[in-house]
Amino acid sequence: MKKVSRENLDALFAAIAEAKKLYLPVADGTDEKRGAKYGVWTPEAKYAAEAVNTVRSAKDFFFPQVENMVNFKVNGKKIEVDDIRTECEDFVIFGVRACDAASFKILDSVYLSEPVDTYYQNRREHGVVMTMSCSKPSETCFCSVFGIDAAEPAGDVSCWLTDDAVLMQANTEKGEALLASLPMLEDAADDAAEESKAKTKAILEKLPLKNLSTDSFGGDKLMELFSSDKWASLSEACLGCGTCTFVCPTCQCYDIRDYDTGHGVQRFRCWDSCMYADFTKTAGGQPRPTQLERFRQRFMHKLVYYPANNDGVFGCVGCGRCMKSCPISMNIVKVMKTLGEGNA
């Protein structure tokens, strides 16, 4: 295990940024505990060390909200295809929380399965993920419900923040290579992070959502949950705004569109949402014409469809972003509690 003093954090960031582009959670200029977002490190950037989570997840680095895929030029019956893909530059994401790190495995299961999404693969191969243990988990956090340990974050490098230092442990070859390139790091005892882990675990035991149960969910509950009459009351106030899907680190749906620039056609993809009225719409019509059906689709996918096809792994990582962002205070926790009543 390695360490660097908190006083030398900027020197650490500068050393990383010399070789690779560095992204990390930065404060919004008012309160670093709220509104933190990922930004490129600069000497002026303020690392939001106390922010529990960023407003949007680290998913953006591997699966961006909008990306240009290919360009076309049409001349009569001739189509000229311009492959605009370039090799992604090496980059490091520092300060990723355990829930977001777990979300990468879910995205990998979708985009790195055959046929492999080479756009996503390119970014994954060039990105180094440095996770940070949660020292102050929020009351809206429930990652432990899905078997994620906020005190033991995965990633290429796992980090723990103490009162006077940042402890680092390499977990992959990419992580080992990165730490070996940083001369300011000092050796630390293998058990140096145990006190920090114990403090985090003590907080996790007291979180209000710790005992949220997944017993009523999974692939074997498909028809029972799909046919539940509780969906009507749960979905009644849903606005279909899609906010929950856009802040979610595991949502992976997208749309592909062509844009005529007047000088050619740009094909791009952008995030889509199962909460939108035109989602999955085809020439034959809309298979989910009501908000109830679209609402049900979102949560059935997280809690039933995905685990049914992925060895029981749920499609949620308990980051709590949907709890904070939904304008009508509807979220997966309320769905789980309501559907789980009397079924556990």
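The following paragraphs examine the structure supplied in this document.

Definitions and cut-offs
Residues numbered from 1 in each chain as written. Predicted model: local features only at pLDDT ≥ 70, side-chain atom pairs only at ≥ 80, totals over all residues. Heavy atoms only, no water. Helix = DSSP H or I, 4+ residues; strand = E, 2+ residues; numbered from the N terminus. Buried < 20%, exposed > 50% of the residue type's maximum accessible area, 1.4 Å probe, protein only. Contact = heavy atoms within 4.5 Å. Salt bridge = Lys/Arg side-chain N within 4 Å of Asp/Glu carboxyl O. Phe/Tyr/Trp six-rings, centres within 6.5 Å; stacked < 30°, edge-to-face > 60°. Lys NZ or Arg CZ within 6 Å of the ring centre and 35° of its normal. Expected span 1.5 Å × (residues − 1). Disulfide = S-S within 2.5 Å. Pairing = 2+ DSSP bridges. Axes fitted to C-alpha atoms, helices over the stretch in contact; angles between N-to-C directions. Arc of directions from axis to C-beta.

1. Description of the overall build of the chain
At step 1: On a plain count of helices and strands, the chain comes out with 11 helices and 12 strands.
At step 2: Principal axes of the C-alpha set define a box for the chain whose edges measure 65 × 65 × 40 Å.
At step 3: Relative to its full complement of 344 residues, the chain shows a buried share of 49%.
At step 4: Taking as baseline every contact in the chain between residues at least 6 positions apart, the subset at least 24 positions apart corresponds to 70%.

2. Let's talk about the pattern of salt bridges
At step 1: All chains considered together, the criterion is met by 20 salt bridges.
At step 2: The shortest N-O distance in the salt bridge between arginine 321 and aspartate 100 comes to 2.9 Å. With arginine 321 in helix 10 (residues 321-325) and aspartate 100 in helix 2 (residues 98-111), this pair connects stretches of sequence that are 221 residues apart.
At step 3: For aspartate 220, the salt bridge identified is with lysine 221, shortest N-O distance 3.5 Å.
At step 4: The exposed category is assigned to aspartate 220, whose relative accessible area is 65%.
At step 5: Note on lysine 221: relative accessible area 17%, which makes it buried.
At step 6: Among the ionic contacts, a cluster of salt bridges with common partners joins Glu67, Asp117, Arg123 and Arg269.

3. Examining the packing of aromatic side chains
At step 1: Summed over all chains, the structure comprises 22 aromatic pairs.
At step 2: Arranged with centres 6.0 Å apart and planes meeting at 55°, the rings of phenylalanine 142 and phenylalanine 146 form a pair that is tilted.
At step 3: Using a relative accessible area of 2% as the deciding quantity, one classes phenylalanine 142 as buried.
At step 4: On the basis of relative accessible area, phenylalanine 146 is assigned to the buried category, the value being 15%.
At step 5: Its guanidinium or amino end placed over the ring of phenylalanine 62, arginine 124 lies 4.9 Å from that ring's centre, counting from NZ or CZ.

4. With respect to helix 2
At step 1: Given a rise of 1.5 Å per residue, 14 residues ought to cover 20 Å, and the 20 Å separating the end C-alpha atoms of helix 2 matches this to within 8%.
At step 2: Buried residues dominate helix 2, accounting for 11 of its 14 residues.
At step 3: If you check which residues of helix 2 are buried, you get Ala98, Cys99, Asp100, Ala101, Ala102, Ser103, Phe104, Ile106, Leu107, Asp108 and Tyr111.

5. A few points about the environment of serine 158
At step 1: By the secondary structure assignment, serine 158 is in strand 8 (residues 157-161).
At step 2: Look at serine 158 and you get buried, because its relative accessible area is 2%.
At step 3: Separated by 27 residues in sequence, serine 158 and threonine 131 have C-alpha atoms that sit 4.9 Å apart.
At step 4: When near neighbours in sequence (up to four residues on either side) are disregarded, serine 158 contacts Thr131, Pro153, Leu167, Met168, Gln169 and Asn171.

6. Thoughts on the state of the cysteines
At step 1: Within this structure, the stated rule accounts for zero disulfides.
At step 2: Here cysteine 143 is not disulfide-linked; the sulfur of cysteine 99 is the nearest cysteine sulfur, at 6.2 Å.
At step 3: Just so you know, cysteine 326 is unpaired, no disulfide at all, and the nearest cysteine sulfur is the one on cysteine 241, 6.2 Å from it.

7. What to know about the pairing of strand 6 (residues 91-96)
At step 1: Of all six residues making up strand 6, six are buried, and the element is well covered by its neighbours.
At step 2: Pairing geometry for strand 2 (residues 21-26) and strand 6, over three bridges, is parallel. If you follow leucine 22 over to strand 6, its bridge partner there is valine 92.
At step 3: Sheet topology note: the strand 6/strand 7 (residues 127-132) ladder contains five bridges and is parallel. Counterpart to valine 96 in the pairing with strand 7 is threonine 131.

8. Some points on the sheet that holds strand 12 (residues 265-271)
At step 1: Here four strands make up an open sheet; going across it, the order is 5-4-12-11 and the pairing antiparallel. Looking along the sheet, the strands with just one partner apiece sit at the ends: strand 5 (78-82) and strand 11 (254-260). Across the sheet, the mean angle separating the axes of adjacent strands is 25° when strand polarity is ignored.
At step 2: Sheet topology places strand 4 (residues 66-75) next to strand 12; six bridges connect them, and they run antiparallel. When the bridges of strand 12 are listed, phenylalanine 72 appears paired with valine 265.
At step 3: Against the sheet, helix 3 (residues 118-126) engages strand 4 and strand 12, with an angle of about 135° to strand 4.

9. Let's talk about helix 1 (residues 9-19)
At step 1: When we look at burial in helix 1, the residues that qualify are Leu9, Leu12, Phe13, Ala15 and Ile16. All buried residues of helix 1 project into a common sector of 160° when viewed along the axis, lining one side.
At step 2: Buried positions along helix 1 lie against strand 1 (2-5), strand 2, strand 6, strand 7, strand 9 (165-170) and helix 4 (173-180).

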